[in-house]
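Close look at the chain arrangement
Read off the chains here:
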Amino acid sequence: MFVLCRGLSGQVRSTARLFLRTYVPGMALPRPVVICGPSGSGKSTLYNKLLKEFPGVFQLSVSHTTRQPRPGELNGREYHFINRDQFQENIKQGDFLEWAEFSGNIYGTSKKALEEVQSNNVIPILDIDTQGVRNVKKASLEAVYIFIKPPSIDVLEKRLRSRKTETEEALQKRLSAARNELEYGLKPGNFQHIITNDDLDVAYEKLKGILIKAIDEVKNEQYKP
Ligand SMILES: Nc1ncnc2c1ncn2[C@@H]1O[C@H](COP(=O)(O)OP(=O)(O)OP(=O)(O)O)[C@@H](O)[C@H]1O
């Protein structure tokens, strides 16, 4: 069946692969990895290490948004930029796994964006907050759900301050949101895995350990002729 896919255009090939991996017994699409945790807990630090160590195995899922692109942002790289009418139409059609409105703009994860990544035999990473997690769970997304926990609120505050990306007001908002995120994240049953990000290398090894089987599966599939 693999021979049949050879020589086809990328689009047809990935559609064929999607078909094969969806319908052939024993073959499954790579499961998305949902990474959640309070702002400053170290989510992006951890998944950037994965992206670097395993090129071609993971891809950060690109969200859709109605906000205007900022200088330097590219459509399809940071976000898929679409207008509000189109977004609302897509929501009606059930195209979004999750969506939310922040400061007058809509943000969301489209099912198609995720499936395209999976059909290329790549594991999508979703960096979403607990509200997003609640929504993707409602949509019955079969994913690996991982919560990243800071060692304490004090350490979280120190890390956010030393990152120097927030105004004092934004920092206070993030810290107060962090308490709610932690309450949901640490509640038994909400996440399959909880990683305390104290020592970065230890936390990363734990993350890798959780995903190593999925990484091997993707790599094995990539090496097939
Ligand atoms: N284990 C660690 N030890 C010390 N510093 C860390 C550790 N993990 C992350 N950091 C630092 O803490 C800061 C916050 O990490 P990061 O930006 O990865 O958090 P985040 O969860 O992705 O935040 P946001 O949701 O706001 O994007 C960064 O400056 C990062 O370098």
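Residues numbered from 1 in each chain as written. Predicted model: local features only at pLDDT ≥ 70, side-chain atom pairs only at ≥ 80, totals over all residues. Heavy atoms only, no water.

Just so we agree on the cut-off: UniProt positions are given in the numbering used here, feature names are shortened, and annotations may be inferred rather than shown by experiment.
As named in an unreviewed UniProt entry, the protein chain is guanylate kinase, taken from Branchiostoma floridae. UniProt's Sequence similarities (unreviewed entry) comment on the protein chain is quoted here verbatim: "Belongs to the guanylate kinase family."

1. Brief notes about helix α9 (residues 200-222)
The cut-off we apply is this: Think of it this way: the bend at a residue is just the angle between two axes, each fitted to seven residues, one set ending at that residue and the other starting at it. Strands are runs of DSSP state E lasting at least two residues, helices are runs of H or I lasting at least four, and both sets are numbered from the N terminus onward. Burial here depends on accessible area, computed with a 1.4 Å probe over protein chains only, as a share of the maximum for the residue type. Under 20% is buried, over 50% is exposed, and the range in between is partly exposed. Any N or O atom pair separated by 3.5 Å or less is treated as a polar contact, with the protein-specific requirement of one donor-capable and one acceptor-capable atom, and with residues adjacent in sequence counted only for side-chain atom pairs.
Of all the bends in α9, the largest measures some 55° and sits at Leu211. Turning to α9, its buried residues number three or more, namely Ala203, Tyr204, Leu207, Lys208, Leu211, Ile215, Val218 and Glu221. Backbone nitrogen of Asp201 and a side-chain oxygen of the N-cap are separated by 2.9 Å at the start of α9; the cap is Asp199.

2. Here's the deal with the nonpolar core
Definition in use: Take the buried residues of types Ala, Val, Leu, Ile, Met, Phe, Trp, Tyr and Cys, join any two whose side-chain atoms come within 4.5 Å, and each joined set is a nonpolar core. Note on contacts: a residue pair is in contact if any heavy atoms of the two residues lie within 4.5 Å.
Core analysis: the largest hydrophobic core is formed by 20 residues, its most contacted members being Leu50, Phe54, Val57, Phe58, Ile146, Leu207 and Leu211. Mapped by element, the contributors of at least two residues to this core are β1 (33-36), α3 (43-53), β7 (123-127), β8 (144-149) and α9. With six residues, the top contributor of residues to this core is α9. Setting aside chain neighbours within four positions, we find Val57 in contact with Val122, Ile123, Ile215, Val218 and Lys219. Among the nonpolar cores identified, the runner-up in size contains 15 residues, and Val136, Leu141, Tyr145 and Phe191 belong to it.

3. Side note on the site of the ligand
What counts here: Whether a residue is near a molecule or strand depends on its heavy atoms: if one lies within 4 Å, it is near. All accessibility values rest on the Shrake-Rupley procedure with a 1.4 Å probe; residue burial counts only the protein chains present in the view.
The full set close to the ligand counts 14 residues, and Ser39, Lys43, Ser44, Thr45 and Arg163 are the nearest of them. Contacts to the ligand include Gly40, whose backbone N or O atom sits 2.9 Å from an oxygen atom. The separation between a nitrogen atom of the ligand and a polar main-chain atom of Asp198 is 2.9 Å. Summarising the interface, the protein chains cover 72% of the accessible area of the ligand, which totals 640 Å² for the free molecule. Secondary-structure elements contributing two or more residues to the shell around the ligand are α3 and α7 (153-163). If one sorts the elements of the shell around the ligand by residue count, α3 sits on top with three residues.

4. Some remarks on the sheet that holds β8
The test is simple: Two strands form a pair only when DSSP identifies at least two bridges running between them. Note on definitions: angles span 0 to 180 degrees between N-to-C directions of axes, and those axes are lines fitted to C-alpha atoms, for helices only across the stretch in contact.
Sheet architecture is open: five strands sit in the order β2-β7-β1-β8-β9, paired in parallel fashion. Two strands in the sheet have a free side with no partner beyond their single neighbour: β2 (58-60) and β9 (193-196). Across this sheet, the average inter-strand angle for adjacent strands is 25°, counted without regard to direction. Against the sheet, helix α8 (residues 168-186) engages β1, β8 and β9, with an angle of about 135° to β8.

5. Looking at the environment of Leu171
With respect to the element layout, Leu171 can be found in helix α8. Using a relative accessible area of 3% as the deciding quantity, one classes Leu171 as buried. Considering only alpha carbons, one finds Leu171 and Glu157, 14 residues apart in sequence, at a separation of 8.0 Å. Discounting residues that sit within four places of it in the chain, Leu171 has contacts with Glu157, Leu160, Arg161 and Glu166.

6. Looking at the sheet that holds strand β4 (residues 79-81)
Ordered in space as β4-β3-β6-β5, the four strands form an open sheet in which the pairing is mixed. Edge strands, defined here as strands with exactly one partner in the open sheet, are β4 and β5 (96-102). With strand direction ignored, the average angle separating the axes of adjacent strands in the sheet is 25°. In this structure, β5 lies alongside strand β6 (residues 105-110), joined through six bridges in antiparallel fashion. For Trp99, the partnering residue across the bridge sits in β6 and is Gly108.

7. A closer look at the pairing of β7
Counting buried residues along β7, four of its five residues qualify, which places the element largely inside the surrounding structure. In terms of strand pairing, β1 meets β7 through three bridges, oriented parallel. If you follow Val33 over to β7, its bridge partner there is Ile125.

8. Things to note about the side chain of Asn190
Structurally, the position occupied by Asn190 is in the loop between α8 and β9. Asn190 gets classed as buried once you look at its relative accessible area, which sits at 15%. Residue contacts for Asn190: discarding those within four places in its chain leaves Lys137 and Tyr184.

9. Overview of the packing of α3 against α9
We apply this condition: Should an angle lie under 35 degrees it is considered roughly parallel, over 145 roughly antiparallel, and from 65 to 115 roughly perpendicular; all remaining angles are considered oblique. Here a crossing is called left-handed whenever its near helix is offset anticlockwise from the far helix by less than a right angle, and right-handed whenever the offset is clockwise.
Axis separation between α3 and α9 bottoms out at 10 Å; the angle between their running directions is 60°. By the angle between their directions, the pair α3 and α9 is classed as oblique. The crossing of α3 and α9 is right-handed. Facing α3, whose interface residues are Thr45, Leu46, Lys49, Leu50 and Glu53, α9 presents Leu200, Asp201, Ala203, Tyr204, Leu207, Lys208 and Leu211.

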